[in-house]
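Structural overview
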Amino acid sequence: MEYTIIRVYKVPASSQVEATDRFMKARELGVTRDYLVRDYVRGPTESGIRTTGRVRLASWWTLVRQQLLGR
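Residues numbered from 1 in each chain as written. Predicted model: local features only at pLDDT ≥ 70, side-chain atom pairs only at ≥ 80, totals over all residues. Heavy atoms only, no water.

Overview of the overall build of the protein
When helices and strands are counted, the protein shows two helices and two strands. Listed by position from the N terminus, the elements making up the protein come as β-α-β-α. In the protein, 64% of the contacts between residues at least 6 apart in sequence involve partners at least 24 apart. For the protein, the exposed surface amounts to about 7,000 Å²; the carbon and sulfur share of it is 53%. (Helix = DSSP H or I, 4+ residues; strand = E, 2+ residues; numbered from the N terminus. Contact = heavy atoms within 4.5 Å. Areas by Shrake-Rupley, 256 points an atom, 1.4 Å probe, with all protein chains shown as cover.)

Encoded structure:
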């Protein structure tokens, strides 16, 4: 079985670069727990297929073909 674990951190900063630098420094010092907000744990999927969270949208032609031909 596979589980997905996501850690969410909040880092106060005035820009994305500053936030990244500050967080990397916290990692070096081993104090990332100061910025930790939440852990998400997702259990195994019922179908056994690994999911990445991305959904591929069907084109309009694919949708028309599915509705007209039933495929």
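More follows now that the structure is in view.
Here's the deal with the packing of aromatic side chains
Overall, the coordinates contain one aromatic pair when judged by the stated rule. Note on Tyr9 and Phe23: the rings are 4.7 Å apart at their centroids and 55 degrees apart in plane angle, and the pair reads as tilted. Taken together, the residues span a long stretch of sequence, with Tyr9 in strand S1 (residues 4-9) and Phe23 in helix H1 (residues 16-29) at a distance of 14 residues. Taking relative accessible area as the criterion, Tyr9 reaches 27% and is therefore assigned partly exposed. The exposure class of Phe23 is buried, given its relative accessible area of 18%. (Phe/Tyr/Trp six-rings, centres within 6.5 Å; stacked < 30°, edge-to-face > 60°. Buried < 20%, exposed > 50% of the residue type's maximum accessible area, 1.4 Å probe, protein only.)

With respect to a nonpolar patch on the surface
Together, Met1, Tyr3, Ile5 and Val41 make up an exposed nonpolar region whose accessible area comes to about 540 Å². Structurally, Met1 can be placed in the segment before S1. (Patch = residues over 30% accessible without salt bridge, like charges linked within 9 Å, V, L, I, M, F, W, Y side chains within 5 Å. Salt bridge = Lys/Arg side-chain N within 4 Å of Asp/Glu carboxyl O.)

A closer look at H1
Because each turn of an α-helix spans 3.6 residues, side chains separated by three or four positions in sequence point in the same direction. Compared with an ideal rise of 1.5 Å per residue, which puts 14 residues at 20 Å, H1 spans 20 Å between its outermost C-alpha atoms and is within 8% of the ideal. Each element contacted by the buried residues of H1 is listed here: S1. One or two positions beyond H1, positive phi appears at Gly30, with a value near 75 degrees. (Expected span 1.5 Å × (residues − 1).)

Considerations on the environment of Phe23
For the pair formed by Phe23 and Tyr9, sequence separation is 14 residues and the distance between their alpha carbons is 8.9 Å. Setting aside its immediate chain neighbours within four residues, Phe23 contacts Tyr9, Val11, Thr32 and Tyr35.

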